[in-house]
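Commentary on secondary and tertiary structure
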Amino acid sequence: MKDSYLIHAGKIVTISDLGTIYDGGMMISDGKIAEVGDWLTLKKRFPTLQRHDYSDYVITPSLVDCHTHLLEFAPSSLYPITASTHVLAGKSILLHALMSGITALGEQICGHPNSDFAMDDYRSFIKDFPLDISFAATSISIGFDRLAHFTSITKSKSVHQSDLSDPLLVKIMAEQTDYPGENLFINATPANFTPDEVPRAGEIIYSLNELKQIVRIFHEHDKKIGVHVAGVEGIEMALEAGIDVLHHAHGISKKQIEKAALHGVKIVATPLGGTHLEPNSPKNIVELLNNNIDVSIATDSYLPPYQNVEWLPFDDQKLRGPDTLMLIANPGMKQLKENGYDENQILALLTANPAEILGKADRFGRLKKGMDANFLVAKGIPGLEIVDIEDIRKVYFRGEKVVDRG
Ligand SMILES: [Zn+2]
């Protein structure tokens, strides 16, 4: 029992059958959660174990941001780096995510004109980093005057629009992808450029037949597929083609919400922006949940915030990162609370639901016996009661304290 200890919490939001436990505790052993329950009971059962007193704090699962571009696009957007310092910048960005209470990421590798790293390079860069990172192999279509297309397989070399549906290329992407991220862009994206730089953002890139063929290849490889999509026309194609996860789904209609629910399609909402349309409003997020859709909230960072929407507190176009996850999720989470949702269900949008998207729901995202001991010691429920990363006092990853604000 060398690596075992007890955690005493004022309140634990488990996101499991146990719900919220006041004056609760956890027994952590070998990086896993061995017990969760009532503090007095745990204290009696394990009288000799070392104790950590967080009785003035809330303990929750640590956060999961299942849609990010931190390693490929962000480094050169934030720092004047070269190929030699790209990885250093990436690691600094990851450290910042960790300090924001995030211990699991879903990273998109899309291909990038100035970066010639392959998926396996990114995997090896982060091997010893205290973060659980899943990678999505994707292609990308950027809405410049002349559309630009890249793929994770062809890296910095741009490809033709027709190559995006090439069965051989799609097969390799299906093999390489860890999870249904934005594996392809049904609409050309503004990426992290300002609107004037990307006039063709929103244009539909695929035919329905091409999409169906791509979905078939992913499913033949036992992989789910996710897409970047916004607008009624693109969303209709995604639903028709049998796509499993819609990223963004900005502008989804009421009818399409019902159709997505019927087919068990999951949605990754990105309230910060990310497409040519107005991003997911608090009202949209409530409507998705009211229709029993499995919703995750992600940052899609780094991104310039969408302008002139009242639920975003930003008044400039500075690129925002994973440190804004709680802030951009807050208006929707508060509205869910007002609509009678339980705090466990609400926090699931930043923890259990994105863990499910990553295919790792049995590993983290809830505080439950047998799960990785990935948790936060915070001044309130992340995203619902707190939005400032300073209010996350400690971050634990696989039982180890990796952030400590005293
Ligand atoms: Zn994205």
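Here is what the cut-offs are and how they apply
- Residues numbered from 1 in each chain as written.
- Predicted model: local features only at pLDDT ≥ 70, side-chain atom pairs only at ≥ 80, totals over all residues.
- Heavy atoms only, no water.
- Domains from an automatic or database assignment.
- Contact = heavy atoms within 4.5 Å.
- Buried area = accessible area lost by both parts, 1.4 Å probe.
- Salt bridge = Lys/Arg side-chain N within 4 Å of Asp/Glu carboxyl O.
- Polar contact = N/O pair within 3.5 Å; in protein donor to acceptor, adjacent residues only side chain to side chain.
- Helix = DSSP H or I, 4+ residues; strand = E, 2+ residues; numbered from the N terminus.
- Nonpolar A, V, L, I, M, F, W, Y, C, P; charged D, E, K, R; others polar.
- Buried < 20%, exposed > 50% of the residue type's maximum accessible area, 1.4 Å probe, protein only.
- Phe/Tyr/Trp six-rings, centres within 6.5 Å; stacked < 30°, edge-to-face > 60°.

The name given to the protein chain in an unreviewed UniProt entry is Amidohydrolase-related domain-containing protein, with Virgibacillus phasianinus as the source organism.

All right, on to the domain arrangement of the protein chain then. Splitting the protein chain by domain gives domain 1 (4–62 + 364–404) and domain 2 (63–356). In this assembly, 30 residues from domain 1 lie in contact with 27 residues from domain 2. With both chains or domains summed, domain 1 and domain 2 bury close to 2,300 Å², and 70% of this area falls on carbon and sulfur atoms. Considering only the surface of domain 1 that becomes buried against domain 2, F364, L384 and I389 emerge as the three largest contributors, covering 27% of it. Our enumeration of links across domain 1 and domain 2 arrives at 2 salt bridges. Between K11 and E343 there is a salt bridge whose closest N-O contact spans 3.2 Å. For the pair domain 1 and domain 2, the number of links is 10 residue pairs in polar contact (both at pLDDT 80 or more). Elements with a contribution of two residues or more to the side of domain 1 that touches domain 2: β1 (4–13), β4 (50–61), β16 (392–397) and β17 (400–404). Ranked by the residues each element gives to the side of domain 1 that touches domain 2, the list is headed by β16, at 4 residues. Its residues assigned to classes, the side of domain 1 that touches domain 2 shows 17 nonpolar, 9 polar and 4 charged.

Bringing the environment of L325 into the picture now. If you trace the backbone, L325 turns up in helix α10 (residues 325–338). Judged by its relative accessible area of 1%, L325 is buried. When the C-alpha positions of L325 and K360 are compared, they lie 20 Å apart, and in sequence the two are 35 residues distant. L325 has contacts with L63, V64, D65, I102, I297, A298, T299 and L350, leaving out every residue within four places of it along the chain.

Going through the model one piece at a time under the given rule, you end up with 7 aromatic pairs. Summarising the aromatic geometry, the rings of Y5 and Y396 are spaced 6.3 Å apart at their centres and angled 40 degrees between planes, so their arrangement reads as tilted. Note that Y5 is positioned in strand β1 and Y396 in strand β16, a separation of 391 residues in sequence. Among the residues examined, Y5 registers a relative accessible area of 9% and is labelled buried. Note on Y54 and Y396: the rings are 6.4 Å apart at their centroids and 65 degrees apart in plane angle, and the pair reads as edge-to-face. Taken together, the residues span a long stretch of sequence, with Y54 in strand β4 and Y396 in strand β16 at a distance of 342 residues. We note that Y54, like Y396, is buried. In this structure an aromatic cluster arises from ring pairing among Y5, Y54, F375 and Y396.

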